[in-house]
Protein chains: 2
Amino acid sequence: MSKQFPTRAQDYSAWYNELIVKADMAEHSAVKGCMVIKPYGYAIWEKMQQALDKMFKDTGHVNAYFPLFVPKSLFEAEEKNAEGFAKECAVVTHYRLKTDPDNKGKLIVDPEAKLTEELVVRPTSEAIIWNTYKGWIQSYRDLPILINQWANVVRWEMRTRLFLRTAEFLWQEGHTAHATREEAIKETEQMLEVYAHFAENFMAMPVVKGIKTANERFAGADETYCIEALMQDGKALQAGTSHFLGQNFAKAFDVKFANKDGKLDYVWATSWGVSTRLMGALVMTHSDDQGLVLPPKLAPIQVVIVPIYKGEEQLAQISEKAEQIKKSLLAKGISVKYDDRDTQTPGWKFADYEFKGVPVRIAIGPRDLANGTVEVARRDTKEKKVYAMDGLEEQVENLLNEIQQNLYQRALDFRNANIHKVDSYEEFKKVLDEKGGFLAAHWDGTSETEQQIKDETKATIRCIPLNNKQEEGKCILTGKPSKQRVLFARAY
Amino acid sequence: MSKQFPTRAQDYSAWYNELIVKADMAEHSAVKGCMVIKPYGYAIWEKMQQALDKMFKDTGHVNAYFPLFVPKSLFEAEEKNAEGFAKECAVVTHYRLKTDPDNKGKLIVDPEAKLTEELVVRPTSEAIIWNTYKGWIQSYRDLPILINQWANVVRWEMRTRLFLRTAEFLWQEGHTAHATREEAIKETEQMLEVYAHFAENFMAMPVVKGIKTANERFAGADETYCIEALMQDGKALQAGTSHFLGQNFAKAFDVKFANKDGKLDYVWATSWGVSTRLMGALVMTHSDDQGLVLPPKLAPIQVVIVPIYKGEEQLAQISEKAEQIKKSLLAKGISVKYDDRDTQTPGWKFADYEFKGVPVRIAIGPRDLANGTVEVARRDTKEKKVYAMDGLEEQVENLLNEIQQNLYQRALDFRNANIHKVDSYEEFKKVLDEKGGFLAAHWDGTSETEQQIKDETKATIRCIPLNNKQEEGKCILTGKPSKQRVLFARAY
């Protein structure tokens, strides 16, 4: 197998696009801006879903399902939210097609089947959900409501990229309702921690936890918390958000509850989500010029076993051993594939599994059989070692843990090496162009300044880190006083 | 807890609707024809998904995801399929809303954001998937493709009922591609077996496996296999279908492959699906006038433990024991809830869990503590028995299996008692009106006869059972010769 594709240094963007397609993760579809998630990519997404779903349930949440469509009158109820998403809404206006009288075999929209009220394909579900919660909440006894939904959403994008920005994407969206402001903020923060834990411990992707500025806040939120990651090209990527929605949606949909004293108050809300965008983040955090690199915890195949043989008899002997090894690894909960196809050479297989990011490859040849050994190659460092077959399953288990750790540490070192303190606008622009990464700079706290910097440099404030160090300084653009550095970056 | 609702005898349809809502399974949404699946209902659906997904994977299938939207030109490519679904398609015509200049705070569809080609919200995905497969298949080496998708689909329905018929519903759709006709038929039949196994062994719902007549066939299929179940009101319900699509979609989308001899041929296809409709079937198969009855294998809570106590001290003693029992049941993989809320009486809790269909209830009072016993009540027969705490977990495990078996047997007895042989059209109509159920009758094999019977009686041919007994007879309507009885019924 030979998959020619650009190196990261040659063309990072082309490297990413071709990697996604050639590794069979996803491809563009016939529908402008929508992707097909192929089985190998979807298997990674399923692993993400499983891990996240368990974490949501462990923190007391349950799943439910709300409609795909939002009637326009509900959609526009929370004005800021509506304004924020109106420009990218797919709108259903008709509910029937009919035969084209002028063109046999073709269909046209039936003008008589026009909806009296248009339906928006959900770009996010706050509106439909809060309209539903209104019927569920009367008293404090009905609270909290802790619901998550796994769903598809549509945001019409003009410029799309596989996983990173597509018109339709898959995600989960949590929507919770609380009796007090404090409880809602606690929930918002808890889910940010869940996302950070997932990013760091499953995706092996370090993240900065922080708060968005008003410019970058979710439309309809009082506060948006986020996790921000750094990609290998020095651009940032927002990997998850958790919103404190205050009473905005409760007011828009008139959702009140009677507290213990019988007094009516509006309900407090949060929402939080991560999406298939994480797939793009995963690829761009670890992969290299030889293809995908997957952290073991999210790899659909953690170990592949490849036989090196001449003739049927040798294959039979090797296969017997390989099946034993496979069984002992499966018993440890490790996912294993034994690839004994005779249509491909071992070399082709090596290259293919390397390209697909399989963390550990075990090769067994006749000499290994004689010696009671196998050759073990790890994808992250490309090191090869000879291991004894005895106790191999423990060795492999340890190796998988080591790879998971190593990927995280490597990404963390890279991230930390790419946070640059800058103290003037000149330095800011120079470092941004020459090095990229996160730029820790003083800012006067105004939206106007942030906007001007964005217009002039394409860099935005990714977040104000949580527990940020307080220090006196001057805004790089206006020279006005500032009490802390914030993180700027160009972002996906 | 008191949930007044109609008995089945009083009004079966109202009984069903109110049961679904009052048991917190689902409710109607603000979007006409679309439902909200509430957490308790969704938890059952998740259990269904898990069991089915495992069976799909065990038979070699993988999951993937294809776009929600189908461009109209693709949608109309397979003419019969397009014709079959055209009348119930939600159509996206615009991709942006804008502020209404005449009405501050309101939005209107932006006429400048009209799509050049309308997008159909998928009612089923054959079109978009076969257009994608075209790019994946060149030679026999690319076959078979064995893909499943979990997704939402939309079919605009005028008259809707929760779970049974909704404009949007959740389902899985398998779409496979094969090199030979034989292999595709084998796949179609295999998936029918998977569905039947799931229905009978997880849902405890007996089904008849059969083949649809041309009138009832999936639009675009050469043959539709189905499983048909009988509800308590004597109406049939199609619980799953598996379609042999021949080369229809391969021809519509020009998907050819080179066989081993290098000759080009069209690819053979199947598709198969089950949906949230199964939730309705589950409810109508087992539930009674006291509420839901759930088979243990699909019950979100299999065992509930309720303490009967006076005062904090007694509660503390009972709770200690209850937590031990809970732990021992969890260790057996049984899902348990210990409900020690002090806001509700034991009686209220008993009624509530009965209504929610929890298969086994364990009550522990002070006398039980003294005697080393508990009271165990089963939901299916409402029997109560006193069990020793010693070895309780095995007893409960056995009881859950027994309940699962009993529900199946009960439903099977009911179904078998409601297959009626009829030999004249008069008898057919009489039995249909008075007893309902499946009517095994001779039919001349023509679509016209089937249509006339449907027009006159609202009964359709549910299926021609697999391995059907061959016998000479005369069509009940036309008197023409017939070689086998087929199953008629009124259906959901």
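Worth saying up front: this structure is predicted, and the values here are computed from it rather than measured.

Regarding the relation of the copies chain B and chain A
Here is step 1 of the chain: Between chain B and chain A, which share one sequence, the superposing operator has a rotation angle of 180° and an axial displacement of 0.0 Å; the RMSD is 0.0 Å. Such a combination of rotation and displacement between the chain copies is what one expects of a two-fold axis. In terms of proximity to the rotation axis, the leading residue of chain B is Val92(B), whose C-alpha is 2.1 Å off the axis.
Here is step 2 of the chain: Taken as a fraction of all interface residues of chain B, those also at the interface in chain A reach 100%, which identifies the copy contact as same-surface.

Concerning helix α1 (residues 12–22) of chain A
Residues and elements named next belong to chain A.
Here is step 1 of the chain: Of all the residues in α1, the buried ones are Trp 15, Tyr 16, Leu 19 and Ile 20. One side of α1 carries all its buried residues, which in axial view fall inside an arc of 120°.
Here is step 2 of the chain: Of the surrounding secondary structure, the elements contacted by the buried residues of α1 are β1 (26–28) and α8 (277–286).
Here is step 3 of the chain: One or two positions beyond α1, positive phi appears at Asp 24, with a value near 60°.

A look at the interface of chain B and chain A
Here is step 1 of the chain: Listed by partner, the interface residues are 53 residues for chain B and 53 residues for chain A.
Here is step 2 of the chain: Taken together, the residues of the side of chain B that touches chain A break down into 34 nonpolar, 8 polar and 11 charged.
Here is step 3 of the chain: In the sheet, strand β5 (residues 91–94) of chain A pairs with strand β5 (residues 91–94) of chain B via 3 bridges, with the strands oriented antiparallel. When the sheet's bridge partners are listed, Val91(A) is paired in β5(B) with His94(B).

Some details on the sheet that holds β5(A)
Here is step 1 of the chain: One open sheet holds the 6 strands; their spatial order is β4(A)-β8(A)-β5(A)-β5(B)-β8(B)-β4(B), and the pairing between them is antiparallel. Each edge of the open sheet is held by one strand with a lone partner, namely β4 (69–71) of chain A together with β4 (69–71) of chain B. With strand direction ignored, the average angle separating the axes of adjacent strands in the sheet is 45°.
Here is step 2 of the chain: When β4(B) meets strand β8 (residues 114–121) of chain B, the two strands line up antiparallel, connected through 3 bridges. For Val70(B), the partnering residue across the bridge sits in β8(B) and is Val120(B).

Structural notes on the domain arrangement of chain A
Residues and elements named next belong to chain A.
Here is step 1 of the chain: Segmenting chain A into domains produces domain 1 (40–286), domain 2 (301–406) and domain 3 (419–489).
Here is step 2 of the chain: Taken together, the contact pairs 16 residues of domain 1 with 16 residues of domain 3.
Here is step 3 of the chain: At the level of secondary structure, the elements contributing two or more residues to the side of domain 1 that touches domain 3 comprise β11 (208–211) and β12 (223–230).
Here is step 4 of the chain: Sort the elements by how many residues they give to the side of domain 1 that touches domain 3 and β11 lands first, with 4 residues.

The rules we used
Residues numbered from 1 in each chain as written. Chains lettered and ligands numbered in written order. Predicted model: local features only at pLDDT ≥ 70, side-chain atom pairs only at ≥ 80, totals over all residues. Least-squares fit on C-alpha atoms with pLDDT ≥ 70 in both. Contact = placed C-beta atoms within 7 Å. Buried ≥ 20, exposed ≤ 12 C-beta atoms within 10 Å, placed from the backbone. Helix = DSSP H or I, 4+ residues; strand = E, 2+ residues; numbered from the N terminus. Arc of directions from axis to C-beta. Nonpolar A, V, L, I, M, F, W, Y, C, P; charged D, E, K, R; others polar. Pairing = 2+ DSSP bridges. Axes fitted to C-alpha atoms, helices over the stretch in contact; angles between N-to-C directions. Domains from an automatic or database assignment.

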